[in-house]
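# Structural overview for review
Take a look at the letters that make up each chain.
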Amino acid sequence: MWRLCERTHPVLTDEGGAILSEDTGRWSYLTPTASAAVMLLLASTNEEEAAGCFAERYGIPGEQAAADVRTVAQALTAQGLAHDGEEPAPRRRWWGWWS
């Protein structure tokens, strides 16, 4: 099941959304459709369910919705903001690098 990592916080904005990582102190900004994909992923039990809701919301074919949702999920996972399954090991905080 796809989830945001602990210490990450999604926020909706007028321009779409953003995710704050407490570990890095950085914001990752999202387009409005990427924000919708994240919220649907978080509210769904699996990626397929999220893609179905995404297709219905935007009136697009299911294959396109699945590809869009998968792209957002994979991008956030690659950035270390999300995971699919077991929670990854926490990242080292920036102030720990000088120790």
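Residues numbered from 1 in each chain as written. Predicted model: local features only at pLDDT ≥ 70, side-chain atom pairs only at ≥ 80, totals over all residues. Heavy atoms only, no water.

### A look at the packing of helix H1 (residues 32–43) against helix H2 (residues 47–58)
Threshold: Interaxial angle, 0 to 180 degrees, is taken between N-to-C directions of lines fitted to C-alpha atoms, where a helix line uses only the stretch in contact. Labels follow the DSSP assignment, with helices taken as runs of H or I lasting at least four residues and strands as runs of E lasting at least two, numbered in each case from the N terminus. Any angle that is under 35 degrees is reported as roughly parallel, and any over 145 degrees as roughly antiparallel; angles of 65 to 115 degrees are reported as roughly perpendicular and all others as oblique. Two helices crossing with the near one rotated counterclockwise from the far one by less than a right angle form a left-handed crossing, whereas a clockwise rotation gives a right-handed crossing. Contacts between residues were defined by any pair of non-hydrogen atoms, one from each residue, lying within 4.5 Å. Following the grouping adopted for this structure description, the nonpolar residues are Ala, Val, Leu, Ile, Met, Phe, Trp, Tyr, Cys and Pro, the charged ones are Asp, Glu, Lys and Arg, and the polar ones are all others, Gly among them.
Put simply, H1 and H2 touch, their axes get as near as 9 Å, and they point 135° apart. The orientation of H1 relative to H2 falls into the category oblique. In the packing of H1 onto H2, the handedness of the crossing is right-handed. Along its contact with H1, which presents Pro32, Thr33, Ala36, Ala37, Leu40 and Leu41, the element H2 presents Glu47, Ala50, Cys53, Phe54, Arg57 and Tyr58. Each residue belonging to the contact of H1 with H2 can be placed in one class, and the counts come to nine nonpolar, one polar and two charged.

### Considering a nonpolar patch on the surface
So the rule is basically this: For patches, a residue must show more than 30% relative accessible area and have no salt bridge; joins then use 9 Å for like charges and 5 Å for nonpolar side chains, namely Val, Leu, Ile, Met, Phe, Trp and Tyr. Reported accessibility uses the Shrake-Rupley method at a 1.4 Å probe radius. Residues are deemed covered only where the shown protein chains occlude them. Here, a salt bridge means any side-chain nitrogen of Lys or Arg that lies within 4 Å of a carboxyl oxygen of Asp or Glu.
Where nonpolar side chains cluster on the molecular surface, the patch consists of Val11, Trp27 and Tyr29 and spans about 340 Å² of accessible area. Tracing the sequence through the fold places Trp27 in strand S4 (residues 26–30).

### Comments concerning the sheet that holds strand S3 (residues 16–21)
Under the convention used in this document: Think of it this way: DSSP has to see at least two bridges between two strands before they count as a pair.
Ordered by their spatial adjacency, three strands build an open sheet running S2-S3-S4, and the pairing between neighbours is antiparallel. Edge positions in the sheet fall to strand S2 (8–13) and S4, since each of these pairs with one other strand and no more. Each strand of the sheet is rotated relative to its neighbour by a mean of 20°, with strand direction disregarded. Sheet topology places S3 next to S4; five bridges connect them, and they run antiparallel. Residue pairing in the sheet places Ser21 in a bridge with Arg26 of S4.

### Structural notes on the packing of H1 against helix H3 (residues 62–78)
The geometry of H1 relative to H3 is characterised by a closest axis approach of 9 Å and an angle of 85° between their N-to-C directions. As summarised for this structure, H1 and H3 are arranged roughly perpendicular, according to the angle between their axes. Across from Ala34, Ala37, Val38 and Leu41 in H1, the residues of H3 making contact are Val69, Val72, Ala73 and Leu76. Looking at the contact of H1 with H3 residue by residue, the class counts come to eight nonpolar, no polar and no charged.

### Points about the pattern of salt bridges
The test is simple: Buried, partly exposed and exposed residues are distinguished by accessible area as a fraction of the type maximum, computed with a 1.4 Å probe on protein chains only: under 20%, between the cut-offs, and over 50%, respectively.
This model, assessed by the stated rule, comprises three salt bridges. Arg7 is the partner of Glu22 in a salt bridge, and the nearest nitrogen-oxygen pair spans 3.2 Å. Residue Glu22 is located in the loop between S3 and S4, and its partner Arg7 is located in the loop between strand S1 (2–4) and S2; the two are separated by 15 residues in the primary sequence. Two residues, Glu47 and Arg70, come together in a salt bridge whose shortest N-O distance is 3.9 Å. Remark: Arg70 occurs in helix H3 and Glu47 occurs in helix H2; sequence separation between them is 23 residues. By relative accessible area, which is 26% here, Glu47 ends up partly exposed. One salt-bridge network, in which partners are shared between bridges, spans Arg7, Glu22 and Asp23.

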